[in-house]
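Descriptive structure summary
Here are the chains, one letter per residue:
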Number of protein chains: 2
Amino acid sequence: MAKSQNTTRIQQRNRAIILDAALDVFSQNGFRGSTVDQIAKAAGLSKPNLLYYYPTKESIFKAVLSDLLDTWLDPLRAMDHDGEPIEEIQAYVARKIEMSRDFPRESRLFAHEIIQGAPRMLETLSTELKDLVDEKTLVIERWMNEGKLNRIHSRHLIFSIWSLTQHYADFEVQVRTLMGDEDPYDAAPAFLETLYHRLLTPTG
Amino acid sequence: MAKSQNTTRIQQRNRAIILDAALDVFSQNGFRGSTVDQIAKAAGLSKPNLLYYYPTKESIFKAVLSDLLDTWLDPLRAMDHDGEPIEEIQAYVARKIEMSRDFPRESRLFAHEIIQGAPRMLETLSTELKDLVDEKTLVIERWMNEGKLNRIHSRHLIFSIWSLTQHYADFEVQVRTLMGDEDPYDAAPAFLETLYHRLLTPTG
DNA sequence: CAGTTATTTGACCAGATGGTCAAACTGACG
DNA sequence: CGTCAGTTTGACCATCTGGTCAAATAACTG
């Protein structure tokens, strides 16, 4: 009996299709700029059918967002407090630039949301993200105290990593327009490596 | 006779009020997320009155955009090819972070537009902005050839300045949430100065 | 196959939104 | 004060949009 399982096979398939279509649409147009019809069309479903799976536009958006958040924060979580400081940070930067290249939609969705004041994410920012950043900030500061890293403002360091990497996804049109044929992702990793090498290496 | 001047006093006043109100609204909600009513209310005018000055929502948006562009590009234009390279770039960075602090609405408006693929700005990006960036790129590369700057990818350098500075305006909510009481703009200028000092100083 | 549950859809609705228009009002100028 | 260009507005319209609903269809179970 289908009743016993709370999600059926069809449900699972369609929810996945919907979330992917919604990510497409929302990341391009933002929440208000997107319509339920657009998402339905992108998912290959009728509007009422879409609303059968997610009762409101808002609920689709929230589902996409919470679906993404873990993936998005994974690179920072993976920064190992037992590792070699500069290597750990460089690895984090490298993972972040890969994510911008491979998941630009995700990056843009967050960008949209935060630019507008994060009306649907403030809660998450001030709890989950803040806790994570606080934790990693302490790690970085310990590394600095141990003389393994040049002493700089740890939070601004984290912001710098976010901004430098996500810029390539969020402002992709601009970057590509100004770089012509050259693929931004060809040189970006090396550029960032140089930058953080010079910024983080302790002065002898 | 009023007819001889193509813009009257009232027109000048109201157009200015409208553009400011529109900047407020558009920078918060993006183009599609903003309504003509919102702008009219913010400007203290009735909707038909607003549309008397700018016949469509699109025309208001374009007016705001072109009004802003020059101001926005001024700091880069001011980079003097005859100056001391590191000083010139540091001065550019300093001006940019000041602009993020003092004109966050402008920064967010551009961010909105570009994230969405710059549908109303591509033309400008690929002409006016590209020309300016091409020109300044050449200057930077000359400086590198002269040994005055560490050799790095000049376009990525420019992108880094944009992303690092505009991040504080565009993602202000996030930055403030994660920094608590501390004002981001207290430490940001020094952080950026350190970063670019280390990045740009030629290796002895 | 029959019954039951899950899925899908066309038709529809109420409110929001961009934009129009004729009429009313204002202010500068002779 | 009268005139007339310039300004303002209430009422209105067509379209878009989020969401509903009853009815039809498909899928699964026994």
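Residues numbered from 1 in each chain as written. Chains lettered and ligands numbered in written order. Predicted model: local features only at pLDDT ≥ 70, side-chain atom pairs only at ≥ 80, totals over all residues. Heavy atoms only, no water.

**Thoughts on the overall build of chain A**
Tallying secondary structure elements over chain A gives 10 helices and zero strands in all. Helices (α) and strands (β) of chain A occur, in sequence order from the N terminus, as α-α-α-α-α-α-α-α-α-α. Dimensions of chain A along its principal axes, counting C-alpha atoms only, are 70 × 45 × 30 Å. The long-range fraction of contacts in chain A, counting pairs at least 24 apart against all pairs at least 6 apart in sequence, stands at 70%. Accessible surface, chain A as shown: approximately 9,400 Å² in total, 50% of it carbon and sulfur. One way to put it: in chain A the 24 positive side-chain charges average out to a point 8 Å from where the 30 negative ones average out. (Helix = DSSP H or I, 4+ residues; strand = E, 2+ residues; numbered from the N terminus. Contact = heavy atoms within 4.5 Å. Areas by Shrake-Rupley, 256 points an atom, 1.4 Å probe, with all protein chains shown as cover. Lys, Arg positive; Asp, Glu negative; His and termini not counted. Charge placed at Lys NZ, Arg CZ, Asp CG, Glu CD.)

**Section: the protein's contact with DNA strand D**
Taken together, 21 residues lie around DNA strand D, and A:Arg9, A:Lys57, B:Thr8, B:Gln11 and B:Tyr53 are the ones closest in. In DNA strand D, atoms within 4 Å of the protein come from the sugar-phosphate backbone in 62% of cases. At 2.5 Å, a side-chain N or O of B:Thr8 approaches a phosphate oxygen of DNA strand D. For DNA strand D, a phosphate oxygen lies 3.1 Å from a polar atom in the side chain of B:Asn49. For the surface near DNA strand D, the secondary structure elements donating two or more residues are α3 (47-53) of chain A together with α1 (9-33) and α3 (47-53) of chain B. Split by residue class, the surface near DNA strand D holds eight nonpolar, eight polar and five charged. (Near = heavy atom within 4 Å. Polar contact = N/O pair within 3.5 Å; in protein donor to acceptor, adjacent residues only side chain to side chain. Nonpolar A, V, L, I, M, F, W, Y, C, P; charged D, E, K, R; others polar.)

**With respect to the packing of aromatic side chains**
Residue and element names in this part refer to chain B. Taken as a whole and assessed by the stated rule, the structure comprises 16 aromatic pairs over all chains. A centroid spacing of 4.8 Å and a plane angle of 85 degrees characterise the contact between Phe26 and Phe61, whose relative ring orientation is edge-to-face. Taken together, the positions of Phe26 in helix α1 and Phe61 in helix α4 (residues 57-77) put the pair 35 residues apart, joining distant regions of the chain. Accessibility expressed as a relative area gives 2% for Phe61, which makes it buried. Ring geometry for Phe159 against Trp162: centres 5.9 Å apart, planes inclined by 50 degrees, an arrangement best described as tilted. Residue Phe159 and its partner Trp162 are both found in helix α8 (residues 154-170); the two are separated by three residues, about one turn of the helix. (Phe/Tyr/Trp six-rings, centres within 6.5 Å; stacked < 30°, edge-to-face > 60°. Buried < 20%, exposed > 50% of the residue type's maximum accessible area, 1.4 Å probe, protein only.)

**Considerations on the protein's contact with DNA strand C**
Taken together, 20 residues form the shell around DNA strand C, and within it A:Thr8, A:Tyr52, A:Tyr53, B:Arg9 and B:Lys57 come nearest. Taking the atoms of DNA strand C that fall within 4 Å of the protein, sugar and phosphate contribute 56% of them. Contacts to DNA strand C include A:Gln11, whose side-chain N or O atom sits 2.8 Å from a phosphate oxygen. Here a sugar or linking oxygen of DNA strand C and a side-chain polar atom of A:Asn49 are 3.0 Å apart. Put simply, the parts of the chain that give the surface near DNA strand C at least two residues each are α1 (9-33) and α3 of chain A together with α3 of chain B. Per-class residue counts for the surface near DNA strand C are seven nonpolar, eight polar and five charged.

**Let's talk about the packing of helix α6 (residues 104-115) of chain A against helix α8 (residues 154-170) of chain A**
Residue and element names in this part refer to chain A. α8 packs onto α6 with a crossing angle of 105 degrees between their chain directions and a minimal axis gap of 8 Å. Taken together, the axis directions place α6 and α8 in an arrangement best described as roughly perpendicular. In this structure, α6 contributes Pro104, Ser107, Arg108 and Ala111 to the contact, and α8 contributes Gln166, Ala169 and Asp170. Residues belonging to the contact of α6 with α8 are distributed by class as follows: three nonpolar, two polar and two charged. (Axes fitted to C-alpha atoms, helices over the stretch in contact; angles between N-to-C directions. Parallel < 35°, antiparallel > 145°, perpendicular 65-115°, else oblique.)

**Focus on the interface of chain A and chain B**
It is common to report an interface's size as the accessible area lost on association of the parts. Contacts between the two partners involve 54 residues from chain A and, on the opposite side, 54 residues from chain B. The three residues of chain A that bury the most area against chain B are A:Ile115, A:Leu178 and A:Arg198, which together make up 17% of that side's buried surface. Applying the counting criterion to the chain A and chain B interface returns zero salt bridges. Linking chain A to chain B there are 15 residue pairs in polar contact (both at pLDDT 80 or more). (Buried area = accessible area lost by both parts, 1.4 Å probe. Salt bridge = Lys/Arg side-chain N within 4 Å of Asp/Glu carboxyl O.)

**What about the nonpolar core?**
Within the largest apolar cluster, 132 residues are counted, with the highest numbers of intra-cluster contacts made by A:Leu157 and B:Leu157. Those residues in contact with B:Leu157 that sit more than four places away from it in its chain are A:Phe191, B:Ile89, B:Ile140, B:Ile152, B:Tyr196, B:Leu199 and B:Leu200. (Core = buried A, V, L, I, M, F, W, Y, C linked by side-chain atoms within 4.5 Å.)

**Comments concerning the pattern of salt bridges**
Overall, the coordinates contain 34 salt bridges over all chains when judged by the stated rule. Across the pair A:Arg176 and A:Asp183 runs a salt bridge whose closest N-O atoms are separated by 3.8 Å. Its relative accessible area of 28% is what places A:Asp183 among the partly exposed residues. Across the pair B:Arg105 and B:Asp24 runs a salt bridge whose closest N-O atoms are separated by 2.5 Å. A residue pair is termed long-range when its members are at least 10 positions apart, and B:Arg105 in helix α6 (residues 104-115) and B:Asp24 in helix α1 qualify at 81 residues. Given a relative accessible area of 24%, B:Arg105 falls into the partly exposed group. Members of the salt-bridge network, linked through shared partners, are A:Glu58, A:Lys62, A:Glu113 and A:Arg120.

**Focus: the side chain of A:Lys136**
All names here are of chain A. The topology assignment puts Lys136 in helix α7 (residues 122-145). The buried category is assigned to Lys136, whose relative accessible area is 4%. Within polar-contact distance, the side chain of Lys136 engages the backbone oxygen of Met79 at 2.7 Å. If we ignore the near neighbours within four places in the chain, the residues touching Lys136 are Leu76, Arg77 and Met79.

Any link to function would need more than the numbers given here.
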